[in-house]
Amino acid sequence: MTDLDPERELKALFDATAEAPTGAQLTKLKARATDVPGRRRRPLWLLWAPFLAVAAGFFAVVVLRGKPGPEQAHLPSATITASEQIASVVTPAPSLAPPGEEPAGDDLDESLAGLDDLDDEPTTDVLAAPLDDADEEELDVWLAAADSFLEEG
Amino acid sequence: MAQHVCPNVFVTGAPPSDDRLGAVSLEHELISRALDGDGRAFAGLVEPHLPVLYRIAARACGDRALAEDAVQEALTLAFERLSGYEPGTSFRAFLAAFAVRRAQTLLRGERRRRTREDASDVPPSLPNPAELARALQAAQRVRDALATLPEKRRAVAMLRLDAELSYAEIAQAVGTTEGSARVLVHMALKELRQQLADLVREEETSEER
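On a predicted model such as this, the values are computed, not experimentally measured, just so you know. (Residues numbered from 1 in each chain as written. Chains lettered and ligands numbered in written order. Predicted model: local features only at pLDDT ≥ 70, side-chain atom pairs only at ≥ 80, totals over all residues. Heavy atoms only, no water.)

## Structural notes on the pattern of salt bridges
Residues and elements named next belong to chain B.
And then number 1: The final tally for this structure, using the stated rule, is 20 salt bridges over all chains.
And then number 2: We note a salt bridge from Asp162 to Arg55, for which the minimum N-O separation is 2.7 Å. Highlighted residues: Asp162 in the loop between helix 7 (151-161) and helix 8 (167-174) and Arg55 in helix 3 (residues 50-61), separated in sequence by 107 residues.
And then number 3: Residue classification places Asp162 among the buried residues on the basis of a relative accessible area of 2%. (Salt bridge = Lys/Arg side-chain N within 4 Å of Asp/Glu carboxyl O. Helix = DSSP H or I, 4+ residues; strand = E, 2+ residues; numbered from the N terminus. Buried < 20%, exposed > 50% of the residue type's maximum accessible area, 1.4 Å probe, protein only.)

Shown next, in the form of structure tokens:
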């Protein structure tokens, strides 16, 4: 037996037991091959890009929060001044009718009748409630403080 | 003298013919277009070799889905290394080398997975005729015999018997000299012949009939 014989015999056996792709498989493989150039592997540094972006964002936040901005220095303080409190107390309630429109005649009577109905309902308007002595004294104190503030200012 | 080992493959020899020059220039053009991202060019480049690549992968893996994946991954690797391909050498050998490696790698992973999932690997029931069952058993015997060989001998056996590569092409594929490839093939075939003697005899008998 020559050296080529084992190869020939084995070749026949390998051919007999080989698996040939079907037409559908070949079509699928060809389609996958067509996609290969479009699916290049991402460079390694791109794998780290999301982590770098998060780290950069975190760093930026830390740096920006460390420095007070110019507008932050000029923000009004949270304490309410006496003049603001007074202004909030003496602000008149908005009128029921739109500005520039005067109810006239029968309309006025109907409006007043409606107000009579409202009298029966419990009200929560702070200004409508009569001031007691303590409130008046407190108001006087505030008014005096406001006057002195205006004079000094 | 030109050595024409298998279809479309010349290895070494005398001045190339016009057909050969035309094939090389077409191959060169397809490669440059593929490197520019032309998928059709790449598909055209590898299409003639897909049956061989699939045959190698199926031989190594013994599983169709796995073989398809191995071919696809081999094509991806081949594309990534395409700029390193030397025009004039065997493109089939270039591709087959990736197919063998990827198939063996995937098979190792699949074996590990199977070992973890199910130790009792019961052969699938075959509702097919007896001949098909015998053919499948023979294919499994061949795969088992190949599995007993060292990795390099296994690779050269498949490159020789399935891909029909010449010794020079096998040397190119596994990165060795032609003389070493010849020795590796000889040793691999000798071991296979010993293990598969009964199947070889059956095959000869059936061929004679």
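## Notes on a nonpolar patch on the surface
Residue and element names in this part refer to chain A.
And then number 1: Together, Leu47, Trp48, Phe51 and Leu52 make up an exposed nonpolar region whose accessible area comes to about 500 Å².
And then number 2: With respect to the secondary-structure elements, Leu52 resides in helix 4 (residues 49-66).
And then number 3: The class for Leu52 is exposed, based on a relative accessible area of 56%. (Patch = residues over 30% accessible without salt bridge, like charges linked within 9 Å, V, L, I, M, F, W, Y side chains within 5 Å. Areas by Shrake-Rupley, 256 points an atom, 1.4 Å probe, with all protein chains shown as cover.)

## Brief notes about the packing of aromatic side chains
Residue and element names in this part refer to chain B.
And then number 1: Taken as a whole, this structure holds 5 aromatic pairs over all chains when the rule is applied.
And then number 2: Each ring, one from Phe42 and one from Phe79, has its centre 5.3 Å from the other, and the planes form 80 degrees; the classification is edge-to-face. Linking Phe42 in helix 2 (residues 39-46) with Phe79 in helix 4 (residues 64-80), this pair joins segments that are 37 residues apart in sequence.
And then number 3: Judged by its relative accessible area of 7%, Phe79 falls in the buried class.
And then number 4: Residues Tyr85 and Phe94 carry aromatic rings whose centres are separated by 5.1 Å and whose planes lie at 55 degrees to one another, so their mutual orientation is tilted. Take Tyr85 and Phe94: they sit in the same class, and that class is buried.
And then number 5: Pairwise contacts between aromatic rings join Tyr85, Phe91, Phe94 and Phe98 into one cluster.
And then number 6: Stacked on the ring of Phe98, the Lys or Arg Arg101 has its end atom at 5.7 Å from the ring centre. (Phe/Tyr/Trp six-rings, centres within 6.5 Å; stacked < 30°, edge-to-face > 60°. Lys NZ or Arg CZ within 6 Å of the ring centre and 35° of its normal.)

## Regarding helix 4 of chain B
All names here are of chain B.
And then number 1: The end-to-end C-alpha distance of helix 4 is 24 Å, a good match for the 24 Å that 17 residues give at a rise of 1.5 Å each.
And then number 2: Extensive coverage of helix 4 is indicated by the burial of 12 of its 17 residues.
And then number 3: Residues of helix 4 that are buried: Leu66, Ala67, Glu68, Ala70, Val71, Gln72, Ala74, Leu75, Thr76, Leu77, Ala78 and Phe79.
And then number 4: Two or three places before Ala65, at the opening of helix 4, Asp63 has a side-chain oxygen 3.1 Å from that residue's backbone nitrogen. (Expected span 1.5 Å × (residues − 1). Polar contact = N/O pair within 3.5 Å; in protein donor to acceptor, adjacent residues only side chain to side chain.)

## Here we look at a negative patch on the surface
And then number 1: The grouping of A:Asp135, A:Glu136, A:Glu137, A:Glu138 and A:Asp140 at the surface amounts to a negative patch.
And then number 2: By the secondary structure assignment, A:Glu136 is in helix 8 (residues 133-152). (Lys, Arg positive; Asp, Glu negative; His and termini not counted. Charge placed at Lys NZ, Arg CZ, Asp CG, Glu CD.)

## Observations concerning the interface of chain B and chain A
And then number 1: The interface is formed by 46 residues belonging to chain B together with 30 residues belonging to chain A.
And then number 2: Of the roughly 3400 Å² buried where chain B meets chain A, counting both sides, 63% is carbon and sulfur surface.
And then number 3: For chain B, the biggest contributors to the area lost against chain A are B:Tyr54, B:Glu68 and B:Leu161; these three give 16% of the whole.
And then number 4: On the surface where chain B and chain A come into contact, there are 9 salt bridges.
And then number 5: For A:Glu7, the salt bridge goes to B:Arg160, with nearest N and O atoms at 2.7 Å.
And then number 6: Remark: the boundary between chain B and chain A carries 15 residue pairs in polar contact (both at pLDDT 80 or more).
And then number 7: Elements represented by at least two residues in the side of chain B that touches chain A include exactly helix 1 (18-35), helix 2, helix 3, helix 4, helix 6 (130-147), helix 7, helix 9 (178-195) and helix 10 (197-208) of chain B.
And then number 8: With 10 residues, the single largest contributor to the side of chain B that touches chain A is helix 4 of chain B.
And then number 9: Its residues assigned to classes, the side of chain B that touches chain A shows 24 nonpolar, 5 polar and 17 charged. (Contact = heavy atoms within 4.5 Å. Buried area = accessible area lost by both parts, 1.4 Å probe. Nonpolar A, V, L, I, M, F, W, Y, C, P; charged D, E, K, R; others polar.)

## Quick look at the packing of helix 7 of chain B against helix 9 of chain B
Relative placement of two packed helices is described by the angle separating their axes and the distance separating the axes.
Residues and elements named next belong to chain B.
And then number 1: Two numbers describe how helix 7 lies on helix 9: the axes approach to 8 Å, and their chain directions differ by 90 degrees. Judged by the inter-axis angle, helix 7 sits roughly perpendicular to helix 9. For the pair helix 7 and helix 9, contact is made by Lys152, Arg153, Val156, Ala157, Arg160 and Leu161 and by Leu184, Val185, Met187, Ala188, Leu189, Glu191 and Leu192, respectively.
And then number 2: Looking at side-chain class alone, the contact of helix 7 with helix 9 contains 9 nonpolar, no polar and 4 charged residues. (Axes fitted to C-alpha atoms, helices over the stretch in contact; angles between N-to-C directions. Parallel < 35°, antiparallel > 145°, perpendicular 65-115°, else oblique.)

Remember, this is a structural readout, not a statement about activity or role.
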